[in-house]
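Residues per chain, in single letters:
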Amino acid sequence: PYDGPRAEEIFRKRAEFLSPSLFHFYDRPLNIVDGKMQYLFDEDGRRYLDAFGGIATVCCGHCHPDVVEAIVKQAKRIQHSTVLYLNHAIADFAEALASKMPGDLKVVFFTNSGTEANELALMIARLYTGCNDIISLRNGYHGNAAGTMGATAQSNWKFNVVQTGVHHAVNPDPYRGAFGSDGEKYARDVQEIIEFGTTGRVAGFISEAIQGVGGIVELAPGYLPAAYDMVRKAGGLCIADEVQAGVARTGSHFWGFEGHGVIPDIVTMAKGIGNGIPIGAVVTTPEIAQVLTRRSYFNTFGGNPVSTAGGHAVLKVLEKEKLQENAYVVGSYLKERLNMLKEKHDIIGDVRGKGFLLGVELVTDREKKTPAKAEISHVMNHMKDMGVLVGKGGFYGNVFRVTPPLCFTKEDSDFFIEAMDISLSKL
Ligand code: PMP
C-alpha cells in the first residue's frame, strides 16, 4: 500500500512551486502512484484502465518488467558515459532501430525528446539543402522549442516565436477540411506555397502521419505521396514526425508513414520508443547524415546507456508479445465498437484513426460540427469515476484521444466502451 503524500498536499505544492501553466484534465486531479501494464493505481489503491497511455507514450505497458529490468541492469553498471567512449547499448539500439526502417534510413542520432528530434531534423534539412523554407501542416504539433514551435500550427501551443521560413499548408482533414477525402486537392496548396511563398526551392516538409495533439486527424488518402513529390521536386527533404504514430501504434504498420505508402528522408520519434523513458531519435540516410560532420553536434544525454538499453528492450518486447498485431486486431475491434456508439449517440460526430491511435470527436450539432467542449469534460470526469482514463485534444479540445498501451485487450475495449456509453447516456 502507498503511504506517501496525498493528492491535496501535492496539489498545494504544485500550486506554489510548479509552473502556473500546468493543466490537468479532471475536476479533482488524480494522484497516480503505481502503473502496471494497462492499469494505473491511485493513492487509495483504486485501479484505473488507462486508455491514454501517457499520451500515446506507453507502448509495452506501464513498468513492463522486461523494460524495467533492462533499465535497472544498465543503471547499475554505467548510467552516463556519452559519446566520448564506446558502449554497446547505444550501438545495439541504433542497429535494432535501423532494422525497422525501410530504404536507406539507417543512421540514428539520439536525443532526449520529440522536440529535440524535430529541431535536429529541421536543421539537417536546412543544412543539406542550403535552403531555409519549411512547410508544415496546419493543426500539426512538432514541439515547443523555437524551431519546432514555429512548425507547430495551433495557436494554443504557440508563444511569440519568430516564424522564420515556416509555411503552414492547408490541413488535409477529411472531417473538417474543404476537400473531404481528396488528398491530391489539398496537396495543391503545398505546390502554391512553393511557387508563391518561396524562391521555388525549399528545405523540407514535416508532417505527422496521423495528427495526435491535433485530435487524431488522419491525413486524406493520397495527400502525402503528392506532397512528398512536390517538395522533392523543389529540392526539399521530407520529414516524418513519428512521435505518436510510430512504433507499432497504428497496427497495420510499424511506422505511420508506411500506411501512406511513402518513404521519408528523415524520420523522428520519441514517446513510445522509450515506453516512458525520456528518449528521442532522428533516423536518416548515410548521405544526408554527413552534413552534421561540418561542425560538432553534441548532446549530453542523447543516447545515454540507460535510455538506449530501455529503448532496445522496448523493441524486443514489441516483437516478443506481438504488440503491433494486437494493436491492429484489438484496435480495429475497438474502432468498430466506437462506430456503433456513434450510431447510438448523436453527440459523436466522427470516429477515426488506426490501431491504438483513435479519435472520437464530440459535436453538439452534426451538421454544423459545433465542438462539444463542456460535454467532453463531463464525460471524461464521469469515465474517470467509473475507473477509465482517456485523453482529449484537438484544436477545439473536443476530441477523445484513445491511445492505450499496446497490450490493451478486447475485454479492456469492452469495458472502455461500456464506460463511455454510460457516461454519454448520462449527459
Ligand atoms: N511531435 C509530436 C507528433 C508530438 O505529439 C509531440 C509531443 N506531444 C512532439 C513532437 C514533442 O515531443 P516532446 O514533448 O517529447 O518534446
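Residues numbered from 1 in each chain as written. Predicted model: local features only at pLDDT ≥ 70, side-chain atom pairs only at ≥ 80, totals over all residues.

Where an unreviewed UniProt entry is consulted, the protein chain appears under the name alanine--glyoxylate transaminase, with the organism given as Paspalum notatum var. saurae. According to the UniProt record, the Cofactor (unreviewed entry) comment for the protein chain is "pyridoxal 5'-phosphate". Here is the UniProt Sequence similarities (unreviewed entry) comment for the protein chain, exactly as written: "Belongs to the class-III pyridoxal-phosphate-dependent aminotransferase family." (UniProt positions renumbered as here; feature names shortened; annotations may be inferred.)

Let us look at the overall build of the protein chain. Looking only at helices and strands, the protein chain has 13 helices and 18 strands in total. A globule of 427 residues ought to have a C-alpha radius of gyration of about 22 Å, and the protein chain, at 21 Å, matches this closely. When the backbone C-alpha atoms are referred to their principal axes, the protein chain occupies close to 60 × 55 × 45 Å. The buried share among the 427 residues of the protein chain stands at 53%. (Helix = DSSP H or I, 4+ residues; strand = E, 2+ residues; numbered from the N terminus. Rg over C-alpha atoms; globule rule 2.2 N^0.38 Å. Buried ≥ 20, exposed ≤ 12 C-beta atoms within 10 Å, placed from the backbone.)

Within the open sheet, the seven strands sit side by side as β4-β12-β11-β10-β7-β5-β6. Their pairing is mixed. Looking at which strands have only one partner, the edges of the open sheet turn out to be β4 (107-111) and β6 (166-169). Strand-to-strand twist of the sheet, defined as the mean angle between neighbouring strand axes without regard to direction, takes the value 20°. Where strand β11 (residues 266-269) meets strand β12 (residues 280-284), four bridges bridge the pair, whose relative direction is antiparallel. Paired with V267 across the two strands is V283, which belongs to β12. (Pairing = 2+ DSSP bridges. Axes fitted to C-alpha atoms, helices over the stretch in contact; angles between N-to-C directions.)

Strands in a sheet are paired, the pairing made by backbone hydrogen bonds, and the direction either parallel or antiparallel. In space, the four strands of this open sheet follow the order β1-β2-β3-β16, with mixed pairing throughout. Each edge of the sheet is formed by a strand with only one pairing partner; in this case those strands are β1 (32-36) and β16 (388-389). Pairing of strand β2 (residues 39-42) with strand β3 (residues 47-50), which is carried by three bridges, proceeds in the antiparallel orientation. If you follow Y39 over to β3, its bridge partner there is L49.

This part covers the environment of V363. Counting through the fold element by element, V363 comes out in strand β14 (residues 357-365). Among the residues examined, V363 registers 21 C-beta atoms within 10 Å and is labelled buried. Along the sequence, V363 and P20 sit 343 residues apart, while their C-alpha atoms lie 30 Å from each other. Once residues lying within four places of it in the same chain are set aside, the contact partners of V363 are I347, G349, K369, T370, P371 and A372. (Contact = placed C-beta atoms within 7 Å.)

Once that is clear, we can look at helix α3 (residues 65-77). The periodicity of an α-helix, 3.6 residues per turn, causes residues three or four positions apart to be oriented the same way. The end-to-end C-alpha distance of α3, which contains 13 residues, comes to 18 Å, matching closely the 18 Å that a straight helix rising 1.5 Å per residue would cover. Buried residues along α3 sit against α4 (88-98) and α10 (305-320). (Expected span 1.5 Å × (residues − 1).)

In terms of domain boundaries, the protein chain breaks down into domain 1 (7-60 + 322-425) and domain 2 (65-320). Each of domain 1 and domain 2 has a C-alpha centre, and the two are 25 Å apart. Contacts between the two partners involve 29 residues from domain 1 and, on the opposite side, 29 residues from domain 2. Secondary-structure elements contributing two or more residues to the side of domain 1 that touches domain 2 are α2 (53-56), α11 (323-344), β13 (348-354), β14 and β18 (399-402). Residues of the side of domain 1 that touches domain 2, tallied by class, amount to 14 nonpolar, nine polar and six charged. (Domains from an automatic or database assignment. Nonpolar A, V, L, I, M, F, W, Y, C, P; charged D, E, K, R; others polar.)

Let us now look at the confidence of the model for the protein chain. Low pLDDT means the predicted atomic positions in that stretch should not be read closely. Looking at the protein chain as a whole, the pLDDT averages 96, with 100% of positions reaching at least 70. When pLDDT is averaged over each helix and strand of the protein chain, the minimum, 92, is found for α2 and the maximum, 99, for strand β10 (residues 237-241). The ipTM, which scores confidence in the relative placement of chains, is 0.99 for this predicted complex, and the corresponding pTM is 0.98. (pLDDT = per-residue confidence, 0-100.)

Let us now look at the packing of helix α7 (residues 183-197) against helix α8 (residues 223-233). α8 packs onto α7 with a crossing angle of 20° between their chain directions and a minimal axis gap of 8 Å. Classified by the angle between their axes, α7 and α8 sit roughly parallel to one another. α7 and α8 meet at a crossing whose hand is right-handed. Seen from α7, the contacting residues are G183, E184, Y186, A187, V190, Q191 and I194; seen from α8, they are Y223, A226, A227, M230 and V231. Among the residues making up the contact of α7 with α8, the classes are represented as nine nonpolar, two polar and one charged. (Parallel < 35°, antiparallel > 145°, perpendicular 65-115°, else oblique. Left-handed = near helix turned anticlockwise from the far one by under 90°.)

For the rest of this paragraph, the subject is the packing of α3 against α10. Where α3 meets α10, the closest approach of the two axes is 8 Å, and the angle between their N-to-C directions is 155°. One element, α3, and the other, α10, form an angle in the roughly antiparallel class. For α3 against α10, the interelement crossing comes out right-handed. Residues D66, V67, A70, I71, Q74 and A75 of α3 touch α10, and the partners they reach there are P305, V306, A309, G310, H312, A313, V314, K316 and V317. Looking at side-chain class alone, the contact of α3 with α10 contains ten nonpolar, three polar and two charged residues.

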